[in-house]
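# A look at the structure
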Amino acid sequence: MAAGSARYVRYILFAFFVLAVFYFISNSGTIEPPIKLPAGSATDETPAKGKSPTTGGTTVGSTGGSSNAGTKDELRVGPNLDPAEFPMPMSPADPGWDDLSGVREGPRMNATFVTLARNGDIWEIARSIRQVEDRFNRRYNYDWVFLNDKPFDAAFKKLTTSLVSGKTFYGEIPKEHWSFPPHIDQDKAKKVREDMAQRKIIYGDSISYRHMCRFESGFFFHQPLMLNYDYYWRVEPSVELFCDIHYDPFRVMHEGGKKYSFVLSLYEYVETIPTLWESVKKFIKNHPEHIVPGNSMGFLSDDGGDSYNHCHFWSNFEIGSLRWLRSQAYTDYFESLDQDGGFFYERWGDAPVHSIAAALMLKKEEIHFFNDIAYYHVPFTHCPTGDKIRQQLKCHCNPKDNFDWKGYSCTSRYFEINGLEKPEGWENQQD
Ligand SMILES: Nc1nc2c(ncn2[C@@H]2O[C@H](COP(=O)(O)OP(=O)(O)OP(=O)(O)O)[C@@H](O)[C@H]2O)c(=O)[nH]1
Ligand SMILES: [Mg+2]
């Protein structure tokens, strides 16, 4: 009997165990394998810091989107860190190349993105910002300054602030930087516009386009919001970035002593600048002290400066030095050109104006070609030459679209005057 009752007890215990297991399974839902979360994933997230509007002047700023690897206070990020302690990964062999998650530790330059835009450009600039953030700035959180000849509306500010990982600032351009200067003969300027309209010259009949070109040539870097910075990266609506940017281009500029940079270069429409070179030659004669030895005259001219070949760096993308643009040399240059009136009596673009200044008033080594920054602004693309580099940078551009070595590009000329070796395979991309 003792053995029989012990068996009953065992049955009861077993039944109890089965019931307990059944109860546990039915209450824990689907059983899934544990998920291993990578470092810096959403669960690590520290809440974004409170948005703190900046006041004063035309500034309306706030702290933008969040980082996903802790706050900047926890990370060593800032202006006063020793660059030697934080080497940048410039090629795949360098430590940290593969680390594209989270906010990158290290020094930050005194730099900002800058965009001139209208309220109506909101969705086009949103596209550009998203790509700049995804490919670079989400790990660096640089500020972004927006400038407009009219006040920005709430919708523009709200969307752009939500997209930018750094602080955003909004400035209204003063009238004197976006209007006809007093020395311009309005009738003469009007006749030019009518004539250019008839000749179907692109933007030839536009007043606002001329104000824009003059503003970008001579005033964006003098805006109060821009005075806070030493370097700028210009971003226009509807541009694209096709490759990951593994290093900080602002640091490349600063540590490499670079003052101007480009990704695309081409020939300017002759009809828009018939007397620009005469005006430049007048400036050279009046201010020989501003023309530096070791400049890039060979990029601009095939006859030692007598005539202009119309080559210029495409200024819708630029990373450059604001100190240089605010220098006496550049100030004298812009004032001289502005007095000659070609922004209104012709249709001088800011691209040739900046490019000529950089080529004459900077040493060759101070101008940089950012091959790694793959870029599109209608209708041209810079897509790095070579399968290997495109894979390393995770590019999504079509190499067939690369403009660098085509006949209408001036990048070959830039390589030649600087004694640079063109990348393997360039010959196959000439047309
Ligand atoms: N606030 C303001 N911004 C302008 C105005 N016109 C142009 N812009 C901006 O100035 C920059 C250059 O203008 P775009 O119209 O892109 O000129 P573009 O690049 O020569 O020509 P597209 O091929 O049309 O892009 C862009 O960032 C524009 O958003 C204007 O009247 N007001
Ligand atoms: Mg544009």
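Details of the structure are given in the entry above.
Computed from a prediction, not measured in an experiment: that's the story for all the values here.

Moving on to the packing of aromatic side chains. The full count for this structure, using the stated rule, is 46 aromatic pairs. On the numbers, 5.7 Å between centres and 65° between planes, the contact of Phe 343 with Trp 348 is edge-to-face. On the basis of relative accessible area, Phe 343 is assigned to the buried category, the value being 1%. Trp 348 gets classed as buried once you look at its relative accessible area, which sits at 1%. If you follow Lys 188 out to its NZ or CZ, it ends over the ring of Tyr 345, 4.0 Å from the centre. The residue whose ring lies beneath Lys 422 is Trp 426, and the NZ or CZ to ring-centre distance is 4.0 Å.

Attention now goes to the site of ligand 1. The environment of ligand 1 is made up of 15 residues, and the closest members are Leu 116, Asn 148, Asp 149, Tyr 203 and Tyr 209. At a separation of 2.6 Å, an oxygen atom of ligand 1 approaches a polar backbone atom of Leu 116. At a separation of 3.1 Å, an oxygen atom of ligand 1 approaches a polar side-chain atom of Asp 121. Burial of ligand 1 by the surrounding chains reaches 82%, relative to a free accessible area of 620 Å². Per-element tally for the shell around ligand 1: the top contributor is helix α5 (residues 207-218), with three residues. Along the lines of polarity and charge, the residues of the shell around ligand 1 split into eight nonpolar, three polar and four charged.

A separate point is the side chain of Asp 143. Turning to its location among the elements, Asp 143 is positioned in strand β5 (residues 143-148). Here Asp 143 is buried and forms no salt bridge, its nearest opposite-charge partner Lys 167 lying at an N-O distance of 5.6 Å. A distance of 2.7 Å separates a polar atom in the side chain of Asp 143 from a polar atom in the side chain of Tyr 229. Beyond its immediate stretch of four places on either side in the chain, Asp 143 contacts Ala 111, Thr 112, Phe 113, Gly 166, Lys 167, Phe 169 and Tyr 229.

Scoring rules and cut-offs
Residues numbered from 1 in each chain as written. Chains lettered and ligands numbered in written order. Predicted model: local features only at pLDDT ≥ 70, side-chain atom pairs only at ≥ 80, totals over all residues. Heavy atoms only, no water. Phe/Tyr/Trp six-rings, centres within 6.5 Å; stacked < 30°, edge-to-face > 60°. Buried < 20%, exposed > 50% of the residue type's maximum accessible area, 1.4 Å probe, protein only. Lys NZ or Arg CZ within 6 Å of the ring centre and 35° of its normal. Near = heavy atom within 4 Å. Polar contact = N/O pair within 3.5 Å; in protein donor to acceptor, adjacent residues only side chain to side chain. Areas by Shrake-Rupley, 256 points an atom, 1.4 Å probe, with all protein chains shown as cover. Helix = DSSP H or I, 4+ residues; strand = E, 2+ residues; numbered from the N terminus. Nonpolar A, V, L, I, M, F, W, Y, C, P; charged D, E, K, R; others polar. Lys, Arg positive; Asp, Glu negative; His and termini not counted. Salt bridge = Lys/Arg side-chain N within 4 Å of Asp/Glu carboxyl O. Contact = heavy atoms within 4.5 Å.

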